[in-house]
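A structural walkthrough
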Amino acid sequence: MRACIPLVLAVLCSLAWAEDHKESEPLPQPEEETEEALTSNLYSAPTSCQGRCYEAFDKHHQCHCNARCQEFGNCCKDFESLCSDHEGFSHSSDAITKEEIQSISEKIYRADTNKAQKEDIILNSQNCISPSETRDQRDRCPKPLFTYVNEKLFSKPTYAAFINLLNNYQRATGHGEHFSAQELAEQDAFLREIMKTAVMKELYSFLHHQNRYGSEQEFIDDLKNMWFGLYSRGNEEGDSSGFEHVFSGEVKKGKVTGFHNWIRFYLEEKEGLVDYYSHIYDGPWDSYPDVLAMQFNWDGYYKEVGSAFIGSSPEFEFALYSLCFIARPGKVCQLSLGGYPLAVRTYTWDKSTYGNGKKHIATAYIVSSA
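Going by an unreviewed UniProt entry, the protein carries the name Uridylate-specific endoribonuclease and comes from Papio anubis. Turning to the protein, the UniProt record has this under Catalytic activity (unreviewed entry): "ribonucleotidyl-uridine-RNA = a 5'-end dephospho-uridine-RNA + a 3'-end 2',3'-cyclophospho-ribonucleotide-RNA".

1. Regarding helix 12 (residues 314-327)
Between the first and last C-alpha of helix 12 there are 20 Å, a value that for 14 residues agrees with the 20 Å anticipated at 1.5 Å per step. Of all 14 residues in helix 12, 14 are buried, a share of seventy percent or more.

2. Considering the nonpolar core
Of all hydrophobic cores here, the largest spans 84 residues; its most connected members are Phe190, Phe219, Trp227, Phe243, Trp262 and Phe318. Per-element accounting of this core gives the leading share, 10 residues, to helix 12. Residue contacts for Trp262: discarding those within four places in its chain leaves Ile121, Phe146, Val149, Leu153, Phe154, Tyr159, Phe309, Ile310, Gly311, Ser312 and Glu317. Listed in part, the eight residues of the second largest apolar core include Cys63, Cys65, Cys76 and Phe79.

3. Quick notes on the pairing of strand 7 (residues 301-310)
Among the 10 residues that make up strand 7, nine are buried, leaving the element largely enclosed by the rest of the structure. Between strand 6 (residues 290-298) and strand 7, which pair antiparallel in sequence order, lie two residues; one of them, Asp299, sits at a positive phi of approximately 50°.

4. Concerning the state of the cysteines
Under the defined criterion, the tally for this structure stands at two disulfides. Paired through a disulfide, Cys63 and Cys76 show a sulfur-sulfur distance of 1.9 Å. The chirality of the disulfide connecting Cys63 with Cys76 is right-handed, given an S-S dihedral of about 90°. Taken together, the positions of Cys63 in the loop between helix 2 (32-37) and helix 3 (69-72) and Cys76 in the loop between helix 3 and helix 4 (79-82) put the pair 13 residues apart, joining distant regions of the chain. Across the pair, Cys76 and Cys63 agree in class, each one buried. Sulfur-sulfur distance for the disulfide between Cys324 and Cys333 comes to 2.4 Å. On the S-S bond that ties Cys324 to Cys333, the torsion sits near -70°, and the link is left-handed.

5. Brief notes about unusual backbone geometry
The amide bond that connects Tyr288 to the next residue, Pro289, takes the cis arrangement and shows omega of 5°. With respect to the helices, strands and loops of the structure, Pro289 is situated in the loop between strand 5 (274-282) and strand 6. At Gln126, a residue that is not glycine, the phi angle is positive and equals roughly 55°. The residue Gln126 is located in the loop between strand 1 (121-123) and strand 2 (146-149) in this model.

6. A word on the pattern of salt bridges
Under the counting rule described, the total for this entry stands at 10 salt bridges. Note that Asp136 and Arg140 form a salt bridge whose closest N and O atoms lie 3.1 Å from each other. Arg140 gets classed as buried once you look at its relative accessible area, which sits at 15%. Shared partners join several salt bridges into a network, and the residues in it are Glu133, Asp136 and Arg140.

7. Quick look at the packing of helix 8 (residues 198-209) against helix 12
Each pair of packed helices can be summarised by the angle the axes make with each other and by the distance between the axes. Between helix 8 and helix 12, the least distance of the axes is 9 Å, while the angle of their chain directions is 15°. When the interaxial angle is binned, helix 8 and helix 12 end up roughly parallel. Seen along the crossing, helix 8 lies across helix 12 with a hand that is left-handed. Contacts between helix 8 and helix 12 involve Val199, Met200, Leu203, Phe206 and Leu207 from the first element and Glu315, Phe316, Phe318, Ala319, Ser322, Leu323 and Ile326 from the second. Taken together, the residues of the contact of helix 8 with helix 12 break down into 10 nonpolar, one polar and one charged.

8. Some remarks on the packing of aromatic side chains
Here a ring pair, both rings aromatic, is described through the centre-centre distance and the interplanar angle of the planes. Tallied over the full model, the rule gives 31 aromatic pairs. Here Tyr169 and Phe179 contribute two aromatic rings whose centre-to-centre distance is 5.6 Å and whose plane-to-plane angle is 90°, an arrangement assigned as edge-to-face. Placement of the pair is Tyr169 in the loop between helix 6 (157-165) and helix 7 (181-194) and Phe179 in the loop between helix 6 and helix 7, with a sequence separation of 10 residues. Just as Tyr169 is buried, Phe179 falls in that class too. Seen from their ring centres, Phe265 and Phe296 are 5.1 Å apart, and the 85° between their planes marks the pair as edge-to-face. Linking Phe265 in helix 11 (residues 262-270) with Phe296 in strand 6, this pair joins segments that are 31 residues apart in sequence. You'll find Phe265 and Phe296 in the same group, each marked buried.

9. Things to note about the environment of Thr257
Structurally, the position occupied by Thr257 is in strand 4 (residues 255-257). For Thr257, a relative accessible area of 4% translates into the label buried.

Conventions adopted
Residues numbered from 1 in each chain as written. Predicted model: local features only at pLDDT ≥ 70, side-chain atom pairs only at ≥ 80, totals over all residues. Heavy atoms only, no water. UniProt positions renumbered as here; feature names shortened; annotations may be inferred. Helix = DSSP H or I, 4+ residues; strand = E, 2+ residues; numbered from the N terminus. Expected span 1.5 Å × (residues − 1). Buried < 20%, exposed > 50% of the residue type's maximum accessible area, 1.4 Å probe, protein only. Core = buried A, V, L, I, M, F, W, Y, C linked by side-chain atoms within 4.5 Å. Contact = heavy atoms within 4.5 Å. Pairing = 2+ DSSP bridges. Disulfide = S-S within 2.5 Å. Salt bridge = Lys/Arg side-chain N within 4 Å of Asp/Glu carboxyl O. Axes fitted to C-alpha atoms, helices over the stretch in contact; angles between N-to-C directions. Parallel < 35°, antiparallel > 145°, perpendicular 65-115°, else oblique. Left-handed = near helix turned anticlockwise from the far one by under 90°. Nonpolar A, V, L, I, M, F, W, Y, C, P; charged D, E, K, R; others polar. Phe/Tyr/Trp six-rings, centres within 6.5 Å; stacked < 30°, edge-to-face > 60°.

Below is the structure:
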């Protein structure tokens, strides 16, 4: 599959790729950057090292928690108290490099044996539009995005466990989430199933080697808090989580936010709840997983730009987003998949923490590709 027009690449690839931030400032990303990252009451410039110990330098931060902040005299006031040990974080000597992230992402890509094969999905991407047209809210595609999906995929343990989670949430923010014992058990079942896969074993082995986790159980417990821990996006306590936002989707202020999963999209489209409008980007991969950036209506609410992997297994997406959040929290994370570069952006939830100052994941999504 190929990108539809050069202009799309100009928008999607406009981020500053160098970690030292010496390149030019990135252009705003459609919708997610403006709706979420720039919402001041949700994401503010960090002034603490909570959840940031030995992160990469970011010139936009008011104070710093990187390995050399003491040398330059620009550490946050709580650097010494929070970053004196490595519980949950790495020492500066263990900082994860861009090359290491690209290497492990390639290993995860090769390990995804549960992904869809070419014959498992027939996609009808239809009309490609320019980025300037994404706010028009016009349905330019008369047919569904998915012509065919081999639903035998959904009987695989990780797919089945993932799908069980999707109906556990209220999509409107501002309404508190309350999990039953069965729903909590479904979260554990999902984590248990994905940890059996080669994909997650690769990720854990890498992070263990990087001194991020001392045991597999510590890793699993952190994933549960990171993704399923509740926090408040609206006026109600505990109305959102990283998993709900990224994979299931939410509606806030009359717009769709999150909703970055192809399985969720297919199931909702099959029920007549999603109406595919158009796309602005179709990735370079000639097999699955691929990437599509699209516009759609979700039961009366519009998504201006929703990027998603297509044909990937649940564990593949969960692993890559987790990798990026752990290695580059609140930043652009540069991956490599099948020889093609891909950038994922994550945001931390700065209003609440768990454990030793760790933060929940607020969102993760694809921002650029080759």
